[in-house]
Amino acid sequence: MSAKTRPEIKMHKDQASGLRRLMAGPSPRILSLLSATTMLDQARLLENLAASLQHQGSHALILDATQQSLHHNVYDDISPEQGTLLEAVMQPNNTMSLINISGHGYSVAKLLPGKSASRFLNHADIMLQVQQQFKNMASEHDVVLVDAALNGQDTMPLDMLNNGEILIHMTRDANSITQAYSLIKQLSQQIGRRSFGIVVSQANEAQAQLLFQNIAEVARNYLYIQLDFMGLIPTDEHLGRAAKLGRSVVDAFPMAKASAAFKNLAGKIDHNHGLLAATFS
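All of the points below concern the structure found in this document. (Residues numbered from 1 in each chain as written. Predicted model: local features only at pLDDT ≥ 70, side-chain atom pairs only at ≥ 80, totals over all residues. Heavy atoms only, no water.)

## Side note on helix H2 (residues 39-55)
Turning to step 1, where the next piece is worked out: Compared with the 24 Å implied by 1.5 Å per residue over 17 residues, the 24 Å span of H2 between its first and last C-alpha is a close match.
Turning to step 2, where the next piece is worked out: Those residues of H2 that fall on the buried side of the exposure criterion are Gln42, Ala43, Leu45, Leu46, Asn48, Leu49, Ala50, Ala51, Ser52 and Leu53.
Turning to step 3, where the next piece is worked out: After H2 finishes, the residue Gly57 shows a positive phi value of roughly 95°. (Helix = DSSP H or I, 4+ residues; strand = E, 2+ residues; numbered from the N terminus. Expected span 1.5 Å × (residues − 1). Buried < 20%, exposed > 50% of the residue type's maximum accessible area, 1.4 Å probe, protein only.)

Encoded structure:
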């Protein structure tokens, strides 16, 4: 059946469902971000978003749950002496701290301790215990941002994240567009049709809207999936300047375009104002 003759799809999200999420406390609100860009771009996005959430009064946590980071630690606020969620399960008597507090006030934690530990992602019993550790840690925060990557089964690293809010971070780069669509397709094939949020960086408003419209149309016509435009982080030299200073852009350059964008995105997911509430039992 051609795309033009496909039946109309009943989308997941409407005003009523948005209102239900708005009213569906309590904290924490958990958002997983899958990256279709570089590790550095992803880390910069999450760090500035977490700092913006802190500025708005939400205690934020970043969980690094990617396998790529096992080769490169892109989060300066993760200490080499810091324990991981897997180690807390495998070594229950270990007294290493699992959380480090960044200079911006948000918390940072890590899922796996090293490259060889990624094999445990396929052990359901162990990962259930890790998931419980994550729930305990998350309950101490208002908003949790998970830097996520699909595992060998093309699902999220923790099972509970498959049903939570998932955002795809992408740019206008051709490889990023291809990777973003691939991530959406891979995950939906494993856990079923669901909606995804899209965050675009390194673009202006017109470019971001055009990019979103194109990928949303393809996802709707060929995957029966709705995508929602959640935010734009524009190209802004102040992001690089702030990073060199070791500060968030909202702190170092509060009047910059990027600062306004991060404040806007943080406002959408803030536990007092946001529509992206994801809770767990």
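So much for the structure itself; the text now carries on.
## A closer look at the side chain of Gln131
Turning to step 1, where the next piece is worked out: Tracing the chain through its elements places Gln131 in helix H4 (residues 124-138).
Turning to step 2, where the next piece is worked out: Given the relative accessible area of 10%, Gln131 is considered buried.
Turning to step 3, where the next piece is worked out: When residues no more than four places from it in sequence are discounted, the contact partners of Gln131 are Leu158, Asp159 and Met160. (Contact = heavy atoms within 4.5 Å.)

## Focus on the packing of H2 against helix H9 (residues 257-269)
Two quantities define a packed helix pair, namely the angle between the axes and the distance from one axis to the other.
Turning to step 1, where the next piece is worked out: At a minimum axis distance of 9 Å, the contact between H2 and H9 shows a crossing angle of 70°. The orientation of H2 with respect to H9, classified from their angle, is roughly perpendicular. The element H2 and its partner H9 pack so that their crossing is right-handed. For the pair H2 and H9, the contacting residues are Arg44, Leu45, Asn48, Leu49, Ser52 and Leu53 in the first and Phe262, Lys263, Leu265, Ala266 and Ile269 in the second.
Turning to step 2, where the next piece is worked out: Each residue belonging to the contact of H2 with H9 can be placed in one class, and the counts come to 7 nonpolar, 2 polar and 2 charged. (Axes fitted to C-alpha atoms, helices over the stretch in contact; angles between N-to-C directions. Parallel < 35°, antiparallel > 145°, perpendicular 65-115°, else oblique. Left-handed = near helix turned anticlockwise from the far one by under 90°. Nonpolar A, V, L, I, M, F, W, Y, C, P; charged D, E, K, R; others polar.)

## A look at the packing of helix H5 (residues 174-191) against helix H6 (residues 205-223)
Turning to step 1, where the next piece is worked out: Axis separation between H5 and H6 bottoms out at 11 Å; the angle between their running directions is 35°. Judged by the twist between their axes, the crossing of H5 over H6 is right-handed. Contacts between H5 and H6 involve Ile177, Ala180, Tyr181, Ile184 and Lys185 from the former and Leu211, Ile215, Val218, Ala219, Tyr222 and Leu223 from the latter.
Turning to step 2, where the next piece is worked out: Class assignment of the residues belonging to the contact of H5 with H6 gives a composition of 10 nonpolar, no polar and 1 charged.

## Some remarks on the side chain of Glu87
Turning to step 1, where the next piece is worked out: Mapped onto the fold, Glu87 is located in helix H3 (residues 85-90).
Turning to step 2, where the next piece is worked out: For Glu87, which is buried and forms no salt bridge, the nearest opposite charge comes from Lys110, at a distance of 8.9 Å.
Turning to step 3, where the next piece is worked out: From its side chain, Glu87 meets the backbone nitrogen of Thr84 in a polar contact 2.9 Å long.
Turning to step 4, where the next piece is worked out: Beyond its immediate sequence surroundings of up to four residues, Glu87 is in contact with Gln82, Pro92, Met96 and Pro113. (Lys, Arg positive; Asp, Glu negative; His and termini not counted. Salt bridge = Lys/Arg side-chain N within 4 Å of Asp/Glu carboxyl O. Polar contact = N/O pair within 3.5 Å; in protein donor to acceptor, adjacent residues only side chain to side chain.)

## Topic: the nonpolar core
Buried together is how nonpolar side chains tend to be arranged in soluble globular proteins.
Turning to step 1, where the next piece is worked out: The biggest cluster of nonpolar side chains holds 52 residues, and the ones touching the most others in it are Leu34, Val130, Phe134, Val146 and Leu227.
Turning to step 2, where the next piece is worked out: For this core, the element with the most residues is H6, which contributes 7 residues.
Turning to step 3, where the next piece is worked out: Not counting chain neighbours up to four residues away, the residues in contact with Phe134 comprise Ile30, Leu63, Leu85, Val144, Val146, Leu158, Met160 and Leu161.
Turning to step 4, where the next piece is worked out: By size, the runner-up hydrophobic cluster in this structure holds 33 residues, among which are Leu33, Ile233, Leu239 and Val249. (Core = buried A, V, L, I, M, F, W, Y, C linked by side-chain atoms within 4.5 Å.)

## So, the pairing of strand S4 (residues 107-110)
Turning to step 1, where the next piece is worked out: Across the two faces of S4 the burial is the same, with Ser107 and Ala109 and Val108 and Lys110 all buried.
Turning to step 2, where the next piece is worked out: When strand S2 (residues 60-65) meets S4, the two strands line up parallel, connected through 4 bridges. By the bridge assignment for S4, Leu61 is matched with Ser107.
Turning to step 3, where the next piece is worked out: Relative to S4, strand S3 (residues 100-101) runs antiparallel, the two being bridged by 2 bridges. Of the residues in S4, the one forming a bridge with Asn100 is Val108.
Turning to step 4, where the next piece is worked out: The hairpin formed by S3 and S4 contains 5 residues between the paired strands, and Gly105 there has a positive phi angle of roughly 100°. (Pairing = 2+ DSSP bridges.)

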